[in-house]
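Structure assessment
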Amino acid sequence: MATEELIKATVFCTYHEIDYSFILLLEESGLLDLQLVEEEKFILHSQLQQLEQMTRLHQDLEINIAGIDAIVNLLQRMQEMREEMENLKNKLHFYE
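Below is a summary of the structure that appears in this document. Keep in mind that this is a model prediction, so the values were computed, not measured. (Residues numbered from 1 in each chain as written. Predicted model: local features only at pLDDT ≥ 70, side-chain atom pairs only at ≥ 80, totals over all residues. Heavy atoms only, no water.)

**A few points about the pairing of strand β2 (residues 34–37)**
Pairing analysis gives 4 bridges linking β2 to strand β3 (residues 40–44), with the strands arranged antiparallel. The partner of L34 across the bridge, within β3, is I43. (Pairing = 2+ DSSP bridges. Helix = DSSP H or I, 4+ residues; strand = E, 2+ residues; numbered from the N terminus.)

Below, the structure is given as structure tokens:
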């Protein structure tokens, strides 16, 4: 894996002014997949947008990890439903 695809977790925490333990709690709850490289934790670039969203929920709205987990799951279900609706629309147009 190329190192440019990784963001050092401590750098993310410093930039967003959050405690490192928040990142560890997200990892522990399965909401974030951190990569361990030479005994340091890194965030995949592909997870950055979702992590920033979870950070805003926590900082701005004071939502705890369990609440963030529920919100993330609901947002994922909504996205799946949107995709399913789009597929059904495409099938309907095909048969018209």
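**A few points about the nonpolar core**
The biggest cluster of nonpolar side chains holds 20 residues, and the ones touching the most others in it are I23, L26, I43, L51 and I68. Of all the secondary structure elements, the ones that give two or more residues to this core are α1 (9–16), α2 (20–28), α3 (48–61) and α4 (65–95). Among the elements that make up this core, the one with the highest residue count is α3 (4 residues). Non-local contacts of L26, meaning those with residues more than four positions away in its chain, are made with L31, L32, L51, M54 and I65. (Core = buried A, V, L, I, M, F, W, Y, C linked by side-chain atoms within 4.5 Å. Buried < 20%, exposed > 50% of the residue type's maximum accessible area, 1.4 Å probe, protein only. Contact = heavy atoms within 4.5 Å.)

**Side note on α2**
F22, I23 and L26 are the residues of α2 that are buried. All buried residues of α2 lie within an arc of 100° about the axis, which places them on one face of the element. In this structure, the buried side of α2 is in contact with α1, β2, α3 and α4. Positive phi shows up at G30, right after α2, with a value of about 85°. (Arc of directions from axis to C-beta.)

**Comments concerning the environment of L44**
Among the secondary structure elements, L44 is positioned in strand β3. Judged by its relative accessible area of 16%, L44 falls in the buried class. A sequence separation of 28 residues divides L44 from H16, and the C-alpha atoms of the two residues are 16 Å apart.

**Some thoughts on the packing of α2 against α3**
One way to put it is that α2 packs onto α3 with a least axis distance of 12 Å and a crossing angle of 115°. Between α2 and α3 lies a crossing of right-handed hand. Of the residues in α3, those touching α2 at F22, I23 and L26 are L51, M54, T55 and H58. (Axes fitted to C-alpha atoms, helices over the stretch in contact; angles between N-to-C directions. Left-handed = near helix turned anticlockwise from the far one by under 90°.)

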